[in-house]
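Below are the chains, spelled out letter by letter.
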Amino acid sequence: MRKKIVAGNWKMNTTLPEGVKLAKEVNEALAGVNAKCDVIICVPFTHLASVNNVIDANKLGLGAENCADHKSGAYTGEISAPMVASTGAKYVILGHSERRQYYGETAETLRAKVALALENGLTPIFCIGEVLEERENNKHFDVVKAQIEEGLFNLSAEDFGKIILAYEPVWAIGTGKTATDDQAQEMHHFIRSVVEGKYGKEVAENTSILYGGSCKPSNAKALFAKPDVDGGLIGGAALEAESFMGIVTAF
Ligand code: PGA
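So, how was this worked out
- Positions within a chain are numbered from 1, following the residues in the order the chain's sequence is written.
- Thresholds applied to this predicted model are a pLDDT of at least 70 for local features of residues and 80 or more for the giving and counting of side-chain atom pairs; totals over whole chains, interfaces and linings are not thresholded and use all residues.
- By convention in this description, side-chain values take in all heavy atoms of the structure and omit both hydrogens and water.
- The nonpolar core is taken to be a set of buried Ala, Val, Leu, Ile, Met, Phe, Trp, Tyr and Cys residues, with the residues joined through side-chain atoms within 4.5 Å.
- To sort residues, take the accessible area from a 1.4 Å probe on protein chains only and compare it with the maximum for the residue type: under 20% means buried, over 50% means exposed, and anything in between is partly exposed.
- Contact criterion: two residues are considered in contact whenever any of their non-hydrogen atoms come within 4.5 Å of each other.
- One heavy atom within 4 Å of a molecule or strand makes the whole residue count as near it.
- Throughout this description, a polar contact denotes any pair of N or O atoms lying within 3.5 Å of each other; where both atoms belong to protein, one of them has to be capable of donating a hydrogen while the other can accept it, and for residues adjacent in sequence the pair is counted only when both atoms sit in side chains.
- All accessibility values rest on the Shrake-Rupley procedure with a 1.4 Å probe; residue burial counts only the protein chains present in the view.
- When residue character is reported, Ala, Val, Leu, Ile, Met, Phe, Trp, Tyr, Cys and Pro are called nonpolar, Asp, Glu, Lys and Arg charged, and the others, Gly included, polar.
- Secondary structure elements are defined from DSSP: runs of H or I of at least 4 residues count as helices, runs of E of at least 2 residues count as strands, and each element is numbered from the N terminus.
- Orientation is described by lines fitted to C-alpha atoms, with helices fitted over the stretch in contact, and by angles between N-to-C directions that extend from 0 to 180 degrees.
- For classification, angles of less than 35 degrees are called roughly parallel, those exceeding 145 degrees roughly antiparallel, those between 65 and 115 degrees roughly perpendicular, and all remaining angles oblique.
- Working rule for handedness: look at the near helix, and if it is turned counterclockwise from the far one by less than a right angle, call the crossing left-handed; if clockwise, right-handed.

A. The nonpolar core, seen in detail. Within the largest apolar cluster, 67 residues are counted, with the highest numbers of intra-cluster contacts made by Leu152 and Ile191. Setting aside chain neighbours within four positions, we find Ile191 in contact with Ile128, Val144, Ile148, Leu165, Tyr167 and Ile209. Counting 12 residues, the second-largest nonpolar core is a separate cluster that includes Tyr91, Ile93, Ile125 and Ile164.

B. Broad picture of the site of the ligand. As a matter of local geometry, the ligand sits amid 13 residues, with Lys11, His96, Glu168, Gly174 and Ser214 nearest to it. Glu168 has a polar side-chain atom sitting 2.6 Å from an oxygen atom of the ligand. Within the backbone of Gly236, an N or O atom sits 2.8 Å from an oxygen atom of the ligand. Protein contact buries 95% of the 280 Å² of open area that the ligand shows by itself. Residues belonging to the shell around the ligand are distributed by class as follows: four nonpolar, seven polar and two charged.

C. Spatial organisation of the side chain of Arg192. Structurally, Arg192 is set in helix H9 (residues 181-199). You can call Arg192 buried: its relative accessible area is 4%. At 2.8 Å, the side chain of Arg192 forms a polar contact with the backbone oxygen of Thr207. Those residues within four positions of Arg192 in sequence are excluded, and the remaining contacts are Arg2, Ala204, Glu205, Thr207, Ile209, Asp228 and Asp230.

D. Looking closely at the packing of helix H7 (residues 140-152) against H9. In contact at an axis separation of 10 Å, H7 and H9 are set at 40° when each is read in the N-to-C sense. With respect to each other, H7 and H9 are oriented oblique. Like other packed secondary-structure pairs, H7 and H9 cross with a definite hand, here right-handed. Between H7 and H9, the contacting residues are His140, Phe141, Val144, Lys145, Ile148 and Leu152 on the first element and Glu186, Met187, Phe190, Ile191, Val194 and Tyr199 on the second. Looking at the contact of H7 with H9 residue by residue, the class counts come to nine nonpolar, one polar and two charged.

Right, here's the structure in full:
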């Protein structure tokens, strides 16, 4: 059976002391509940090693928010997949819409990043999602399908089986405007059918597909109750232990 997952995406928030404090709070809160899903926090590169030291890896997974499309070398300022893995992190968000939009990430760079993440034992949390105009023009299914095909369908079935997908409609990210649970279910079901078309039913059924975009304690339960919504990728609401835990315990 596919995993249920709630993953935080801290984005470019918190200083190192603030981040370590937040990680400790989440870790402590998790110790007191019987979480019915895997819980992950994806934090800024600068925080990875320190956060790894204060969390219980059996209860709380750690991830980065990006990694480079090269293994090593003269790429000033970049952070490679082996560097991320060496901190103890086990996950990496790739293809977030903010990376695609503000940093020009293409399907080609993403294929390189996915390959390097997998080679280094990191599980990619691969983001897909349409912008508002695409939805309004009824192109959202085509856009999401193309993002999956171009970013991931070069993988073997075995490697694809290691990917976590996150559907994040760009118009819902940080806007307070959540997709309805029916809109999320409709797209997640479509995504699973696209995966099935390429890799077959077993792989499709085992792929965790998270929803992201203004997910909060008040709407998480209804979203997670949908059969193809396997959890959430959480931005704003992951920046406080209480609201993040409110989503974790929605399962
Ligand atoms: P949000 O961000 O929860 O703040 O909308 C989600 C994301 O971008 O991963």
